[in-house]
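# Residue-level structure breakdown
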Number of protein chains: 2
Amino acid sequence: MSSAGTFSIRYEFSADTLSNAEQTANEIALEQTAELPPNAIPPGLQHFTGTLSDLKQVSDSRYACTIIYSSDVVGEDILQFLNVMFGNISIKPTIRITDFDPGSLASLFPGPMFGIDGIRSLTSVYERPLSCTALKPLGSSPDTLAGIAFEAALGGIDIIKDDHGLANQPMARFESRVKHSVSAIKKAEQKTGKKTLYFPNITAQFEDLIQRAELALEYGADGLLISPQLTGLSALAYLARSSLELPIMAHPAFSGPFTIHPLSGIAPDVYFGKLWRALGADSVIYPNAGGRFSYTLDQCHSINSACRGEFANCRSAFPVPGGGIDRHTVADWKGRYGNDTIFLIGGSLYLHPGGMKKAAAEFQQSLG
Amino acid sequence: MSSAGTFSIRYEFSADTLSNAEQTANEIALEQTAELPPNAIPPGLQHFTGTLSDLKQVSDSRYACTIIYSSDVVGEDILQFLNVMFGNISIKPTIRITDFDPGSLASLFPGPMFGIDGIRSLTSVYERPLSCTALKPLGSSPDTLAGIAFEAALGGIDIIKDDHGLANQPMARFESRVKHSVSAIKKAEQKTGKKTLYFPNITAQFEDLIQRAELALEYGADGLLISPQLTGLSALAYLARSSLELPIMAHPAFSGPFTIHPLSGIAPDVYFGKLWRALGADSVIYPNAGGRFSYTLDQCHSINSACRGEFANCRSAFPVPGGGIDRHTVADWKGRYGNDTIFLIGGSLYLHPGGMKKAAAEFQQSLG
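Residues numbered from 1 in each chain as written. Chains lettered and ligands numbered in written order. Predicted model: local features only at pLDDT ≥ 70, side-chain atom pairs only at ≥ 80, totals over all residues.

### Overview of the packing of helix α4 (residues 142-154) of chain A against helix α5 (residues 174-192) of chain A
To characterise two packed helices, one gives the angle between the axes of the helices and the distance between these axes. Residues and elements named next belong to chain A. Worth spelling out the cut-off: For helices, the fitted line uses only the C-alpha atoms of the stretch in contact; every axis is such a line through C-alpha atoms, and the angle between N-to-C directions lies from 0 to 180 degrees. The secondary structure listing takes helices from DSSP runs of H or I that are at least 4 residues long and strands from runs of E that are at least 2 residues long, numbered from the N terminus. In these notes the angle categories are as follows: under 35 degrees is roughly parallel, over 145 is roughly antiparallel, 65 to 115 is roughly perpendicular, and the rest is oblique. Crossings are sorted by hand: turned counterclockwise from the far helix by less than a right angle, the near helix makes the crossing left-handed, and turned clockwise it makes it right-handed. C-beta atoms are first placed from the backbone for all residues, and any pair lying within 7 Å is then listed as a contact. Asp, Glu, Lys and Arg are counted as charged, while Ala, Val, Leu, Ile, Met, Phe, Trp, Tyr, Cys and Pro are counted as nonpolar; the rest, among them Gly, fall into the polar class.
Packing of α4 against α5 brings their axes to within 8 Å, and their N-to-C directions diverge by 25 degrees. Judged by the angle between their axes, α4 and α5 are roughly parallel. Our pair here, α4 against α5, has a crossing hand that is right-handed. Across the interface between the two elements, Pro 142, Asp 143, Leu 145, Ala 146, Gly 147, Ala 149, Phe 150, Ala 153 and Leu 154 of α4 pack against Ser 176, Arg 177, His 180, Ser 181, Ser 183, Ala 184, Ile 185, Lys 187, Ala 188, Glu 189, Lys 191 and Thr 192 of α5. Per-class residue counts for the contact of α4 with α5 are ten nonpolar, six polar and five charged.

### With respect to helix α3 (residues 115-123) of chain B
All names here are of chain B. Stated formally: Any residue with 12 or fewer other C-beta atoms within 10 Å of its own C-beta is exposed, any with 20 or more is buried, and the rest are partly exposed; the C-beta atoms used are placed from the backbone. Along the arc lie the directions from the helix axis toward the C-beta atoms.
Along α3, the residues classified as buried are Gly 115, Ile 116 and Ile 119. Along the long axis of α3, the arc covered by the buried residues comes to 135 degrees, so they all point the same way. Residues of α3 that are buried make contact with β11 (283-287) and β12 (318-322). Ser 124 occupies a position one or two residues after α3 and carries a positive phi of about 55 degrees.

### Let's talk about the sheet that holds strand β2 (residues 51-59) of chain A
Residues and elements named next belong to chain A. The following threshold applies: Here, a strand pair is defined by DSSP locating no fewer than two bridges between the strands.
Strand order in the open sheet formed by five strands is β2-β3-β1-β4-β10, with mixed pairing between adjacent strands. Both edges of this open sheet fall to β2 and β10 (265-266), since each of them pairs with a single strand only. The sheet contact formed by β2 and strand β3 (residues 62-70) spans six bridges and is antiparallel. Looking at the pairing, Ser 53 lines up with Thr 66 of β3. Along the sheet, helix α1 (residues 18-31) contacts β1 (6-14), β2, β3 and β4 (95-101); its crossing angle with β2, the most-contacted strand, is approximately 135 degrees. Of the strands in this sheet, β1, β3, β4 and β10 touch helix α2 (residues 78-86), which is tilted by about 135 degrees from β4.

### Section: the pairing of strand β11 (residues 283-287) of chain A
All names here are of chain A. Threshold: If you view a crossover with the strands going away from you and the path from the first strand over the helix to the second runs clockwise, you call it right-handed.
The element β11 is largely enclosed, with a buried count of five among its five residues. Here β11 shows a buried face lined by Ser 283, Ile 285 and Pro 287 and a second buried face lined by Val 284 and Tyr 286. Relative to β11, strand β9 (residues 248-250) runs parallel, the two being bridged by two bridges. Across the sheet, residue Met 249 finds its bridge partner in β11, namely Ser 283. Here β11 pairs with strand β12 (residues 318-322) via five bridges, running parallel. The residue bridging Ile 285 from the neighbouring strand is Val 320, located in β12. Taking the sense of rotation as the criterion, the β-α-β connection linking β11, helix α11 (residues 297-308) and β12 turns out right-handed.

Right under this line is the structure:
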């Protein structure tokens, strides 16, 4: 055996008998490492194919198994960790990742730089959930977006993020809209005396991402919004340990295929609450139950718990349910989800007949 | 209306009536752009939500619709293109992308720099399919991997790629294994007089990717292997227009969730054959029918056609079926798939009792 440490992945998969299940588990271990038939692997290298542990039946046709791998199969690259976790077997239809333990590879996972406590410090709000809204719609000018930010900040909102579809379109170039919004929010803060954080969307193609994040810092933004499944998940880890030192809010765009199928992909609590958090998301937007998307209330509770609980020495992350919450129901959701939550409301504030300032003020009141 | 051009996405989704289908199509258009209820969108911005076209029933419970968007909703960022294509709606369980037309955004898609003709020129093989094998298993030393490369090149193989799980592990650091393999292949070429291309795996976390590609060039590699769903898809487009000028082979690790579910995700021919090709893959590895994975023969034919056919002024890309082909069946597959194919065989060559050189030579013979 190598002297390296280990890490482990828990898989769930379909099988009809324990013996078939053991065969599938062995196939997973081979597929993710040697990618050769067992008799083609030189004897000295066979320990790199991992060790099965805790194989058991979990429902009529489903079994679960932990595979413990030598950390040497990863080295020091987070993408190779993800490749061993789920690379080739992601193409098989009924295998699902239900947990992982970075083990001796913990240093690959920066975890949140700020986390729940850090974001609370930035807002000076300690005793209630935080509020968040999004600047939209796409197509608006920087002035219009800044006007919405001004009203929302006057209403006392805790965090304003860009809509995740605001990139660098000709109608509102990144530099102009970030400058305008920062300035509008600062003006509102001077009136209210209350801090509102601004997270512009820095999701951008490979060659532009870092510059976008650096400009956000330079123009006075308080945090960064990123869609990690679009940029690639390692960009999140890179930003989380960067010298920018800005909290990160992660958005689920493009991540549905990994999380919506019950028998495959990665369990939503593991994907959003453990993986994204371990990669460095200080707050994790997920599609709330009862809205336009498809997670169940149980899944949402599990995501919340995974964001907040102990995991791999990472700071806890704020769960940010969105897409299924409006200004009339947010007080109920507060009762369900508790204080360590950022509630994200978009459309319902925009529809308030009294305008964004009044909508934001009522939203704040609902959070107590 | 804006003076910008347009692009379009074709969606397929579940609905029980034409009227419900029209509602769903409108919801998709809103979700992917304004992300607001219709009555919250200012009148001057409503054209950014796209225009429905060609809505029709395609099976008992499925409808299809093309949405034509203003190119201004994207600007000049390929990730925002992907976000409009599939960002939030990827989280809805029964919506599938079945086609796209970059329209006026063609410049975002570099397409292959080499393509089928360019790779043929590099190998001087014009009248038959190309052969490819992979260096493995993970855990081997640079010397051992180079020894396998030497034998495969002596046997006349056209392309040798790294296993996609070879990253920068302590057992075989990237620099050492690339140097050793390049040198071994050159030595074999001197004996045979035949060119063998070498594509090391440069898939690496965000901060290391470019350096890995540059080192590959510096050490004399002939191409690059990358898993775009791990690095983020825009890294592929970046490399395809980079000054490295190396052909790219794209590997499907981590892309299963996008392509294996019949009612959601992105149709495999569109994902592998159009999207990856348009992003710049000169050759596209996909899991062949009949092997360890789950695509049907029809799906594989469709991927081949999408790689080779006309699309958005992009050079054609080599389809690279793998994972379901062995040295005994490759001649049959040649009959099915034709000459413009790179056949990738791994395990079956390693299992050849006569060793890799003999296995590779027989593989070459099967391709005629």
